[in-house]
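# Examining the three-dimensional arrangement
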Amino acid sequence: MKADPQYAPEHLALEAVRRLGPEAAAWRARMSEERPESGPDELAALAVKRFTNMARVSGAVSGAAGLPGAVLDVGVLAWTQARMVLHIAAAHGADPVDPDRATEILVLQRVHRLAETARTALGVAAGRERASRIFTGDSGRPLASVLFRLGVKLAQMAGVRAAKRLFAKMIPGAGVILGTWVNSAATKDLAQRAQEHYRNA
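Everything quoted here is computed from the prediction, not taken from an experiment.

### Focus on the environment of T187
Inspection of the secondary structure assignment puts T187 in helix α8 (residues 175–200). Among the residues examined, T187 registers a relative accessible area of 0% and is labelled buried. Between the alpha carbons of T187 and A55 there is a distance of 7.1 Å; along the sequence they are 132 residues apart. Leave out the neighbours within four places in its chain, and T187 touches F51, T52, A55, L77, Q81 and M84.

### Some points on the nonpolar core
Core analysis: the biggest nonpolar cluster contains 50 residues, and I105, M157 and Y198 have the highest contact counts within it. Elements that contribute at least two residues to this core include exactly α1 (8–34), α2 (40–61), α3 (66–91), α4 (100–108), α5 (115–134), α6 (143–158) and α8. It is α3 that provides the largest number of residues to this core, a total of twelve residues.

### Describing the environment of V48
By the secondary structure assignment, V48 is in helix α2. Overall, V48 belongs to the buried group, its relative accessible area being 14%. Taking the C-alpha atoms as reference points, V48 and Q81, 33 residues apart in sequence, are found 9.3 Å from one another. When residues no more than four places from it in sequence are discounted, the contact partners of V48 are M84, I88, A191 and Q195.

What counts and what doesn't
- Residues numbered from 1 in each chain as written.
- Predicted model: local features only at pLDDT ≥ 70, side-chain atom pairs only at ≥ 80, totals over all residues.
- Heavy atoms only, no water.
- Helix = DSSP H or I, 4+ residues; strand = E, 2+ residues; numbered from the N terminus.
- Buried < 20%, exposed > 50% of the residue type's maximum accessible area, 1.4 Å probe, protein only.
- Contact = heavy atoms within 4.5 Å.
- Core = buried A, V, L, I, M, F, W, Y, C linked by side-chain atoms within 4.5 Å.

Structure follows, in structure tokens:
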């Protein structure tokens, strides 16, 4: 993502389905055995609670490390949220390893408004991943500039809409409280959209 910050959300969504999809499928199978009486909404609620708590913890930790820490936090938050979406999808019977889940992650996180636009962007990002294995090299851009662009893109994906809210988390003393609140609120909003989407799918 650092090498290609313009498509950071797409790279993250693709990798989330590859790496986290099987985990969500295994969780759904285990829940079916452990909680056979639980319906999709109940299982989804378990996932939401778990990953909202994880988002709160990462937000609390992020206030201490300046710009790199803020970028890391929104990256971890976006990853945690993608993981939550895949678990909600699995709870409602959708295959979490299906490539369509990457499209849905981007639409639910409001990176793209339309599924078709998200699919196109994912195709471009996948092509750039393949190309990067052939053509490697340093872009020569200053690290701070790359981190800023990457942070804004990931903040957009994670639902931290304004850059000032992202970087306000670096304010001494306020970072822990604000980070916890921002991460929790963004994750709860995403959870509601995801539950409605997969419930009606």
